[in-house]
Structure formats: structure tokens, C-alpha cells
Amino acid sequence: MTTHFLRAEWNNLIMANYVVPKELLLPYVPYKTELDFFQGNAYLSLVGFKFLNTKLFGFSVPMHVNFEKVNLRFYVKYNDNGFIKRGVVFIKEIVPKKGIALVGNNLYTENYVTMKMKNFHKDNGENFEAGYEWNYKNKWNKISVVASKRSKKIVPDSCEYFFADHYWDYLKMSETKTYEYNIEHPSWETLKVISYDVDCDFKALYGDKFSFLNEAKPASVLMAKGSEIRIHKKRVLE
């Protein structure tokens, strides 16, 4: 019997990674998990990517198969009887259609919002250009990169490994209850980012406490090729 409820492809993931004070993230940390650090720092990532060939419980929903998604996330870990699971926590997820947000909020129980969105992907010969844009209060926000088309495998304990190699999603339901989702996919290959552009009004989108990111430069920007993914039914941690 299958245990996954969503199957899709995640392609051309762009991740802009910011060092932030751990105190900013502590209120969002789910029960039984703890912040995960890379080289002693806590990170928040702005991530844009493309959903393709999406199926919910084995069925494709017309007009909801291929779409953009942008999320703001950070990193945690959970000690499951001695096995350390490295996971992500989403603060907000932006999608272009109300139906997707409805499913995400009610079935996946994440914080989804709907905005006008668009994307671009261009083959420039030696390089590859990709980007995602979303409109909030008549301002177009954007995350984009120019990257080499030559990909490489992720090396354990590298920067790419910390940000791109995760298989668990944790959701804080209350102070004593957490949802855990297993995201099944192969280890992704990454592309070397040559240049990037991040134009995001963090204050307007996420609140005053994130306003300092409006002037901050990301510590790193990565691009992953992505793959087919399967999201399995939730497990409750109490």
C-alpha cells in the first residue's frame, strides 16, 4: 500500500541563504526538534522552484499540475531514537493559485498564501538562467540566477549538503505537538551559480522582525537541478 499522498517533480531550485540570529527562529521551532546550524550559524533560506507533473493521491488536477512556488524556510534536526533526521520548517509558502493554497493549508497544514507569480528559464549556450517572481501589493519580488549548465553531485558536510539535502519537513502544531512529513527524493545535483539577483521585501511579506533582511546580502546562493519527489503521510510527534 502506498504511503505517499503527493507526487511531483521539483525542478530548478534556487536557494538564497541568510545568516540570522537564532533568537529570530526559536519561536518557530517545532516541539521535539532543535535548530540545526552550519559552521556555527543559524540560517534562513528564500527558495524558489517549479512544481511539475503534480499528482495528489494519484490524480492530476487540471490547471494545478505545473506551477511556481516560493518559500521561506529554516533548518532543524530531530533525534529519532538515535537517528538524526535533518529537516526544514516553512515560515510561509507562496503559490499562484487559490486551489493549491487551499490544499496546502487544509491537507498539508502549512502556511500557504496566494499571489500572482511567474518564472523564466533560458538556455544561454554555456550558461543557464532561471528566476521566479511574485507580486505583493503591486510590487514584483524576484529571485534569479545565472548558473553553469555543468552539474555536480552534493558532497556530504558541504554547504550544498546542508541547504539542499533534506528529507523531512516539520510543522509546529502547538507547544506539545509536531507533524513530521517524509519527503522522498534522490540526492540532488547542483549547478555553479555565476551571478544572482534577489529583490525581496521581507518586511512586507514576513513582518517587521524580518525587515533587516531587506538590506542583507545572502551568505550563499545555490541552485539544484531537482528531481521527482514523493511526500508521505504525516506522522505526529507528541
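Above: the structure in question.
Residue indices begin from 1 for each chain and proceed along its sequence in written order. Restriction of local features to residues with pLDDT of at least 70 applies here, the model being predicted, together with a cutoff of 80 or more for giving and counting side-chain atom pairs; totals for whole chains, interfaces and linings are based on all residues. Excluding hydrogens and water, the side-chain values take into account all heavy atoms of the structure.

1. Let's talk about unusual backbone geometry
Then step 1. Although it is not a glycine, asparagine 81 adopts a positive phi angle of roughly 55°.
Then step 2. The way it works is that DSSP assigns letters per residue, a run of H or I at least four long becomes a helix, a run of E at least two long becomes a strand, and they are numbered from the N terminus. Structurally, asparagine 81 can be placed in the loop between β4 (67-80) and β5 (83-95).
Then step 3. Look at lysine 137: it is not a glycine, yet its phi comes out positive at around 55°.
Then step 4. As for its position among the elements, lysine 137 is in the loop between β8 (127-136) and β9 (139-153).

2. Some details on the packing of aromatic side chains
Then step 1. Stacked, tilted and edge-to-face pairs are distinguished by plane angle, under 30 degrees for stacked and over 60 for edge-to-face with tilted covering the rest, among Phe, Tyr and Trp rings (Trp via its six-membered ring) whose centres lie within 6.5 Å. Throughout the structure, instances matching the rule amount to 18 aromatic pairs.
Then step 2. Judged by centre distance (4.7 Å) and plane angle (15°), the ring pair of phenylalanine 51 and phenylalanine 67 falls under stacked. Here phenylalanine 51, found in strand β3 (residues 42-56), pairs with phenylalanine 67, found in strand β4; they are 16 residues apart in sequence, far enough to count as distant. Of the two residues, phenylalanine 51 and phenylalanine 67, neither departs from the other in class, the shared state being buried.
Then step 3. In this structure an aromatic cluster arises from ring pairing among Trp10, Phe49, Phe51, Phe67 and Trp188. The cut-offs for exposure are 20% and 50% of the maximum accessible area for each residue type, with area from a 1.4 Å probe on protein chains only; residues under the lower value are buried, those over the upper are exposed, and the others partly exposed.

3. Considering the nonpolar core
Then step 1. Among the buried residues, those of types Ala, Val, Leu, Ile, Met, Phe, Trp, Tyr and Cys that are joined through side-chain atoms within 4.5 Å form a nonpolar core. Counting 40 residues, the largest nonpolar core has Leu44, Leu46, Phe74, Trp134, Phe202, Tyr206 and Phe210 as its most contacted members.
Then step 2. Considering every element that reaches this core, the biggest residue donor is β4, with five residues.
Then step 3. Core analysis: the next-biggest nonpolar cluster, separate from the first, contains 32 residues, Phe5, Ala8, Leu13 and Phe163 among them.

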